[in-house]
Amino acid sequence: MDALEAALTAFAGEYFAATETAIITRARHRHALDEAVTALDRAVSRGDAGQEELVAEDLRAAATTLGRLTGRVDVEDILDVIFRDFCIGK
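What comes next is a walk through the structure. Fair warning: this is a prediction, and the values are worked out from it, not measured in the lab.

Procedures and definitions
For every chain, the first residue of its written sequence is number 1, and the numbers climb from 1 along that sequence. Totals for whole chains, interfaces and linings use every residue, but because this is a predicted model, local features are given only for residues with pLDDT of at least 70 and side-chain atom pairs only at 80 or more, for both listing and counting. Only hydrogens and water are removed before side-chain values are computed, so all heavy atoms of the structure are retained for them. The axes are straight lines fitted to the C-alpha atoms, using for helices just the contacting stretch, and the angles between their N-to-C directions are given from 0 to 180°. Here a helix means four or more residues in a row that DSSP labels H or I, a strand means two or more in a row labelled E, and each is numbered from the N terminus. Note that the term roughly parallel is reserved for angles under 35 degrees, roughly antiparallel for angles over 145, roughly perpendicular for angles of 65 to 115, and oblique for everything else. Should the near helix be turned counterclockwise from the far one by less than a right angle, the crossing is left-handed, whereas a clockwise turn marks it as right-handed. Note on contacts: a residue pair is in contact if any heavy atoms of the two residues lie within 4.5 Å. Only protein chains enter the accessibility calculation, which uses a 1.4 Å probe; a residue whose area is less than 20% of its type maximum is buried, one above 50% is exposed, and one in between is partly exposed. When a carboxyl oxygen of Asp or Glu lies within 4 Å of a side-chain nitrogen of Lys or Arg, that pair is called a salt bridge.

## Section: the packing of helix α2 (residues 27-46) against helix α3 (residues 52-70)
Packing of α2 against α3 brings their axes to within 8 Å, and their N-to-C directions diverge by 165°. In terms of their interaxial angle, α2 and α3 are classed as roughly antiparallel. Between α2 and α3 lies a crossing whose hand is left-handed. Of the residues in α3, those in contact with Arg28, His29, Ala32, Leu33, Glu35, Ala36, Ala39, Leu40, Arg42, Ala43 and Arg46 of α2 are Leu54, Val55, Asp58, Leu59, Ala61, Ala62, Thr65, Leu66, Arg68 and Leu69.

So, in structure tokens, the structure goes:
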């Protein structure tokens, strides 16, 4: 696990290295980034406590929040869930 963690850290450092500082201009974007950071912090804090399921859930929450920010989760996905789970329109 240590080797995997080191490899992922190195990859992320190289792949996500920013050449210039990003400026967050919209409150919605700032809120989404705060949510993602909070979820990632929770995942890291659970670390080696034998709570892998909760770590996975925190990572999923962070990915979903970032997906909303980047457009990977769009309105159609949300509407599909609403119509599927809440039987709207029946």
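## What to know about the side chain of Thr65
Position of Thr65 relative to the elements: it lies in helix α3. Taking relative accessible area as the criterion, Thr65 reaches 4% and is therefore assigned buried. If sequence neighbours within four positions are ignored, Thr65 has contacts with Ala32, Glu35 and Ala36.

## Re the pattern of salt bridges
What the rule picks out here adds up to 4 salt bridges. For the salt bridge of Asp58 with Arg42, the shortest nitrogen-to-oxygen distance reads 3.1 Å. With Asp58 in helix α3 and Arg42 in helix α2, the pair connects residues that are 16 residues apart, well separated along the chain. Residue classification places Arg42 among the partly exposed positions, given a relative accessible area of 35%. Across the pair Arg60 and Glu57 runs a salt bridge, and its minimum N-O distance is 2.5 Å. Pair noted here: Arg60 and Glu57 are both in helix α3, with a separation of 3 residues, about one helical turn.

This is a description of form; function is not addressed.
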